Structures are given as structure tokens and as C-alpha cells.
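# A look at the structure
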Amino acid sequence: MSSSTKPYMIRALHQWCSDNGHTPYIVVWVNDRADVPLEYVKNNEIVLNIAYGATKNLQIDNDWISFSARFGGVSRDIWVPVGNVMSIFARETGEGMGFEVEPAVEAVQERPAPEGDGRPDGDDPGPGGRPSGRPSLRIVK
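These lines cover the structure that appears in this document, whether it is placed above or below.

### Some remarks on the overall build of the protein chain
Assigned secondary structure in the protein chain consists of one helix and seven strands. Secondary structure elements of the protein chain, listed N to C terminal, follow the sequence α-β-β-β-β-β-β-β. Per-residue burial over the protein chain gives 32% buried out of 141 residues. Relative to all contacts within the protein chain whose residues are 6 or more apart in sequence, the contacts with residues 24 or more apart total 57%.

So this is what it looks like as C-alpha cells:
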């Protein structure tokens, strides 16, 4: 049996959104395998912004989508089985693709450790990414 085309389509539409200046969002079916902030879940669904600017260490693998993002100012690690993704779309146009929720595969039990930051080479936001703490200005003469 061949592997699912779903993760490939998600990666392709994510890249298309990014290349065209759109914001990619995914709709995820939330169950015990999805690690998302439950306070934002409605009707067992959550909508997540997966743009590079909104995430850190974004990984779209064949089995898992993982990243860190801020929710209410608090950084959270997000883990979503690709089988739980219901759709991916561009916020600005609504263009995208819907998918069937796939049953969990027993062979895919553990989440892999995230590698890198998921950004193509040359797209580094700078050292440390976005600065944290209180902003400050300094007069230079």
C-alpha cells in the first residue's frame, strides 16, 4: 500500500500560501492524540495559524505537524497527527483543500523530536528570533 498523499498536499499548500503572501491555517480534529491548547477547542476542532511568522520550529512530517506558538502570550508546543488535519487554507482568500480525518495508525505511536526551525535556508529571523522582554530605545550620537 502506498503512503498517504495528505502530508504532501499540506506541505505544498503551505508553501503556496507562503510564496503568495498568504497566511496558511489548518483546521484540526482534536482527540487524545492531538496536543493543542484545549481552551481554544470548539466542537472538537481548532484552527491554527501555521505561517512561519506565527510558529517556531515548524515541522510538517508525514505523520506529525509540530511547532511552538504563542497562545494568550504563553508559548506552547503543538503536536498534531497529520491524519487529524481536516483542511488547510489561505486566510486571505479561503482557497485551500479539505481532507477526511484518518483513523490513527497503531505503528505511529511516538512523536519525533523536532529538528531545526522549519525555515528554508536564508529565512532566519535573526538571532533568537523575536526579542522577548520589555522593548527599549537608546540614543546614539
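### Regarding the pattern of salt bridges
Tallying each qualifying case throughout the model produces two salt bridges. In this structure, Arg76 engages Glu39 in a salt bridge whose closest nitrogen and oxygen atoms are separated by 2.9 Å. You can see Arg76 sitting in strand 5 (residues 74-81) and its partner Glu39 sitting in the loop between strand 1 (24-29) and strand 2 (45-49), a full 37 residues away along the chain. Given a relative accessible area of 27%, Arg76 falls into the partly exposed group. By relative accessible area, which is 55% here, Glu39 ends up exposed. The shortest N-O distance in the salt bridge between Glu92 and Arg91 comes to 3.3 Å. You can call Arg91 partly exposed: its relative accessible area is 48%.

### With respect to the sheet that holds strand 4 (residues 64-71)
Paired through their backbone hydrogen bonds, the strands of a sheet run either parallel or antiparallel. The strand order across the open sheet formed by three strands is 3-4-5, and the pairing between neighbours is antiparallel. Sheet topology places strand 3 (56-60) and strand 5 at the edges, where each strand pairs with a single neighbour. Across the sheet, the mean angle separating the axes of adjacent strands is 25° when strand polarity is ignored. Together, strand 3 and strand 4 form the strand contacts of helix 1 (residues 6-19), whose direction differs from that of strand 3 by roughly 135°.

### Notes on the nonpolar core
Core analysis: the largest hydrophobic core is formed by 22 residues, its most contacted members being Ile10, Ile26, Leu48, Ile65, Phe67 and Val80. Taken together, the elements giving at least two residues each to this core come down to helix 1, strand 1, strand 2, strand 3, strand 4, strand 5 and strand 6 (85-90). The greatest single-element share of this core, amounting to four residues, is contributed by strand 4. Not counting chain neighbours up to four residues away, the residues in contact with Phe67 comprise Leu48, Asn49, Ile50, Thr55, Lys56, Asn57, Leu58, Arg76, Asp77 and Ile78.

Calculation rules
- Residues numbered from 1 in each chain as written.
- Predicted model: local features only at pLDDT ≥ 70, side-chain atom pairs only at ≥ 80, totals over all residues.
- Heavy atoms only, no water.
- Helix = DSSP H or I, 4+ residues; strand = E, 2+ residues; numbered from the N terminus.
- Buried < 20%, exposed > 50% of the residue type's maximum accessible area, 1.4 Å probe, protein only.
- Contact = heavy atoms within 4.5 Å.
- Salt bridge = Lys/Arg side-chain N within 4 Å of Asp/Glu carboxyl O.
- Pairing = 2+ DSSP bridges.
- Axes fitted to C-alpha atoms, helices over the stretch in contact; angles between N-to-C directions.
- Core = buried A, V, L, I, M, F, W, Y, C linked by side-chain atoms within 4.5 Å.

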